[in-house]
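# Descriptive analysis of the structure
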Amino acid sequence: MIKPICRMGNPVLRSAMKTLERDEMMTDGFSQILTDLKDSMKHYGGIGIAAPQIGVALKVAIIDLPEENRYGQKVNLPLTVFINPIITYLTDEKQGFWEGCLSLPGLRGYVERPSKVQVNYLDEKGNQKEILADGFLATVLQHELDHLEGVLYIDRITDRKLISYQEEYNEFIISKNLAE
Ligand code: ZN
């Protein structure tokens with residue numbers, strides 16, 4: 001079911017997300033949450049969504065990053081469910097991207113994050129998984145998993161001049177950004 005998106009200011013985005021127990025993962029209620037996340041992400045056109053964004057304070061996020069994405073990035077991650085993820089930063093080297101978020105509609109911000117990460121997580125069947133990522137996917141993973149710590153991308157912006165409305169981003173920034 002498509003759920004309304006919780007926007008910045010809604011305390012659920014800043015709350016402590018609960019770690020899932022294995023028996024909780026096997027319930028109908030939990031599979032409904034996964035369906036709601038997938039339906040909502042698809043409906044609102046996100047490449048990722050975290051449970052608190054639909055008002056559920058659990059450590060669950062999903063990412064679906066097709067090769068053809070609106071960020072113009074050549075990355076392909078088929079729809080993946082991340083349960084109880086643990087992120088490890090593999091480098092101090094930073095990379096920057098203009099990020100957006102369904103919970104901050106109409107805004108863009110330039111965020112620098114470590115360029116290489118490892119994520120250990122459970123998939124929806126409860127299997128232990130590991131993913132290594134660099135480039136844009138590393139940023140997408142950090143953005144989504146930050147939601148599970150109550151962190152929004154806007155918290156990570158170091159130069160507040162690099163916050164823009166989407167229309168102004170399209171008009172003044174995107175051409176410069178793509179030229180980099
Ligand atoms: Zn977000």
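Scope of this entry: the structure provided in the associated data block.

Turning next to the overall build of the protein. Of the regular secondary structure elements, the protein holds four helices and eight strands. Ordered by position from the N terminus, the helices and strands of the protein form the series α-α-β-β-β-β-β-β-β-α-β-α. Here the protein has a C-alpha radius of gyration of 16 Å; the compact-globule value for 180 residues is 16 Å, and the two agree. In terms of overall dimensions, the protein has C-alpha extents of about 50 × 35 × 30 Å along its principal axes. Counting across all 180 residues of the protein, residues that qualify as buried make up 49%. Taking all contacts inside the protein whose residues are at least 6 apart in sequence as the whole, residues at least 24 apart take part in 65%.

This part is about the sheet that holds strand S4 (residues 94–99). Spatially, S4-S5-S8 is the arrangement adopted by the three strands of the open sheet, whose pairing is antiparallel. Strands at the two margins of the open sheet, each flanked by one partner only, are S4 and strand S8 (163–165). Taken over all neighbouring pairs, the strand axes of this sheet differ in orientation by 25° on average, direction set aside. As defined by bridge partners, S4 adjoins strand S5 (residues 107–114) across six bridges and the pair is classed as antiparallel. Bridge pairing links Gln95 to Arg113 in S5. Here helix H3 (residues 135–147) sits on the sheet in contact with S4 and S5, set at roughly 70° to S4.

Of the protein atoms, only Cys101 (SG), His143 (NE2) and His147 (NE2) coordinate the zinc ion, at distances of 2.1 to 2.3 Å. In primary sequence terms, the donor set of the zinc ion follows C-x41-H-x3-H. Note that Cys101 is positioned in the loop between S4 and S5 and His147 in helix H3, a separation of 46 residues in sequence. Summarising the burial analysis for this pair, Cys101 and His147 share the class buried.

This part is about unusual backbone geometry. Of note, the phi angle at Asn84 is positive, near 50°, even though the residue is not glycine. Secondary-structure assignment places Asn84 in strand S3 (residues 77–89).

Rules behind the numbers
- Residues numbered from 1 in each chain as written.
- Predicted model: local features only at pLDDT ≥ 70, side-chain atom pairs only at ≥ 80, totals over all residues.
- Heavy atoms only, no water.
- Helix = DSSP H or I, 4+ residues; strand = E, 2+ residues; numbered from the N terminus.
- Rg over C-alpha atoms; globule rule 2.2 N^0.38 Å.
- Buried < 20%, exposed > 50% of the residue type's maximum accessible area, 1.4 Å probe, protein only.
- Contact = heavy atoms within 4.5 Å.
- Pairing = 2+ DSSP bridges.
- Axes fitted to C-alpha atoms, helices over the stretch in contact; angles between N-to-C directions.
- Donors = N, O, S within 2.8 Å, 3.2 Å for Na, K, Ca; no water.

In short, the description is geometric, and any link to function would need to be established separately.
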